[in-house]
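Structural features, examined
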Amino acid sequence: MLTLAREPRPGLDLLKDAIAAFGAKGRERARPDDLDARDPAFIARVLPLLGLLYDDYFRCETEFEADLPDGPFLAVSNHNAMTGMPDMYCHMTAFWRRYGPSRPAYGLMHDLPFNVPKAGPWLNACGAIAASPENARRALARGAAVLVFPGGDLDACKPTSEQYTIRFGRRRGFVRLAIREGVPIVPIVSVGAHQSLYIATDGRRLAEWLRLPQLARSNVAPLGLALPWGLIVGVPIPHVPLPVKIHTRMLRPVHLGLPREAASDPDEVERAFARIVARMQAGLDELRAAGRHGLFPRGCQRTTAVDGQTTEG
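Along each chain, numbering runs from 1 in the same order as the chain's sequence is written. Whole-chain, interface and lining totals are the exception, using all residues; otherwise, since this is a predicted model, local features are given only for residues with pLDDT of at least 70 and side-chain atom pairs are given and counted only at 80 or more. Neither water nor hydrogens contribute to the side-chain values; these are computed over all heavy atoms in the structure.

1. Considering the nonpolar core
- Nonpolar cores were defined as sets of buried Ala, Val, Leu, Ile, Met, Phe, Trp, Tyr and Cys residues, with membership established by side-chain atoms within 4.5 Å. Burial here depends on accessible area, computed with a 1.4 Å probe over protein chains only, as a share of the maximum for the residue type. Under 20% is buried, over 50% is exposed, and the range in between is partly exposed. The biggest cluster of nonpolar side chains holds 44 residues, and the ones touching the most others in it are Phe 42, Leu 68, Phe 73, Phe 95, Trp 96, Leu 197 and Ile 246.
- Counting residues per element, the ones that place at least two in this core are helix 1 (12-25), helix 2 (40-57), strand 3 (73-77), helix 3 (86-99), strand 6 (145-148) and strand 7 (185-191).
- Helix and strand definitions follow DSSP, with helices as H or I runs of at least four residues and strands as E runs of at least two, each counted in order from the N terminus. When residues of this core are assigned to their parent elements, the largest contribution, seven residues, is made by helix 3.
- In what follows, a contact means two residues having at least one pair of non-hydrogen atoms within 4.5 Å. Those residues in contact with Ile 246 that sit more than four places away from it in its chain are Phe 58, Arg 59, Cys 60, Glu 61, Pro 86, Asp 87, Cys 90, Ser 190, Val 191, Gly 192 and Ala 193.
- Ranked by size, the runner-up nonpolar core spans 37 residues in total, among them Val 148, Val 183, Ile 185 and Leu 256.

2. Here we look at the environment of Val 183
- Turning to its location among the elements, Val 183 is positioned in the loop between helix 7 (173-181) and strand 7.
- For Val 183, a relative accessible area of 9% puts it in the buried group.
- With 92 residues separating them in the primary sequence, Val 183 and His 91 have C-alpha atoms 20 Å apart.
- Discounting chain neighbours no more than four positions away, the residues touching Val 183 are Pro 72, Phe 73, Leu 74, Leu 140 and Ala 178.

3. Looking at the environment of His 91
- Mapped onto the elements, His 91 comes out in helix 3.
- For His 91, a relative accessible area of 3% corresponds to the buried category.
- With 190 residues separating them in the primary sequence, His 91 and Gln 281 have C-alpha atoms 18 Å apart.
- Once residues within four sequence positions are removed from consideration, His 91 is found in contact with Ser 77, Phe 149, Ile 188, Ser 190, Thr 248 and Met 250.
- For this analysis, a polar contact is any N or O atom pair within 3.5 Å, provided that within protein one partner can donate a hydrogen and the other can accept it, and provided that sequence-adjacent residues contribute only side-chain to side-chain pairs. At a separation of 3.1 Å, a polar atom in the side chain of His 91 contacts the side chain of Ser 77.

4. Focus on the packing of helix 7 against helix 10 (residues 266-290)
- Between helix 7 and helix 10, the least distance of the axes is 9 Å, while the angle of their chain directions is 110°. If you check the angle between helix 7 and helix 10, you find them roughly perpendicular. Taking contact as the criterion, the partners of Phe 174, Val 175, Arg 176 and Ile 179 in helix 7 are, on helix 10, Val 269, Ala 272, Phe 273 and Ile 276.
- Side-chain classes are defined by residue name, with Ala, Val, Leu, Ile, Met, Phe, Trp, Tyr, Cys and Pro counting as nonpolar, Asp, Glu, Lys and Arg as charged, and the others, Gly among them, as polar. Broken down by class, the residue content of the contact of helix 7 with helix 10 amounts to seven nonpolar, no polar and one charged. To get an axis, a line is fitted to the C-alpha atoms, and for a helix only the part in contact is used. The angle between two axes follows their N-to-C directions and goes from 0 to 180 degrees. Relative orientations are named as follows: roughly parallel for angles under 35 degrees, roughly antiparallel for angles over 145 degrees, roughly perpendicular for angles from 65 to 115 degrees, and oblique for any other angle.

5. Description of the packing of aromatic side chains
- Aromatic rings from Phe, Tyr and Trp, taking only the six-membered ring of Trp, are treated as a pair when their centres fall within 6.5 Å; an angle between ring planes under 30 degrees marks them as stacked, one over 60 as edge-to-face, and anything in between as tilted. With the rule as written, the count across this model stands at seven aromatic pairs.
- Ring centres of Phe 22 and Trp 122 lie 5.0 Å apart, and the angle between their planes is 70°; this geometry places the pair in the edge-to-face category. Here Phe 22, found in helix 1, pairs with Trp 122, found in helix 4 (residues 119-125); they are 100 residues apart in sequence, far enough to count as distant.
- According to the relative accessible area criterion, Phe 22 is buried, its value standing at 17%.
- An aromatic cluster is defined as three or more aromatic residues linked by ring pairs; in this entry it consists of Phe 22, Phe 42 and Trp 122.
- It is Arg 98 that lies over the ring of Phe 64; its NZ or CZ is 5.4 Å from the centre.
- We call a charge positioned over a ring when the NZ of a Lys or the CZ of an Arg lies within 6 Å of the ring centre and within 35 degrees of the ring normal. In this structure, Arg 103 is placed above the aromatic ring of Tyr 99, and the distance from its NZ or CZ to the ring centre is 5.0 Å.

Rendered as structure tokens:
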């Protein structure tokens, strides 16, 4: 098991340059379907600031059961903490630290953030593209890593009492995509971010009553508490996360070994789906048992630095 090492705190000049990079990029327009909108130079400039949040605010601990595949692959992760997901940024920062901003990598994202002033271009430059099978196929064809959160809002907005469960619902598209494109799946599990707020209920019945799935592509209308809003009622808007410790594990790649035509076989797809979810739930259970996450983590793993990464000590 490899764990990324903490990096030295960046100097003030690097942090100022990161802020300037955000300012300049925010004046551009978002291009949700343009793979060339990804900007490795921008990522390199903002990485010191993201790294500071990664190390000192979220105290991220990212483990690799094995090195990630060299070619294209589909990274499949659970989701936490509504629409202000700090775990997503930790995944990105960990990937860039280990493999560098120049390695092509994209993340499938709901179309709404692309319309948020400044945030859309920032995310776009970091590799976010509109969530669609076609965009995913085009990114994989370029040899890129593609990150997807199949559970979407159902997983991100699940009640705090269910934070240690994988909620993918009926979404099987990622399995069909991996089979058709012949790429491995890298499951990712993460805990801690869901404790950055409190969600009493995801409000799925209310969302259906309000016709939110049709009107806003939202299946939830959560009720809970979060900074700076206080009470959250029905609108999963981004929040300011508490300084929770986030513990992530990138599991061994899963090679489904199925022919392309298996993507049209519901039974084969369901078996592959169950295999991935079972592996992720087991990984999530292990992180929960370790207890190194959340507002009050039980302790830190002892590690020794080796070439920019750490090994268990």
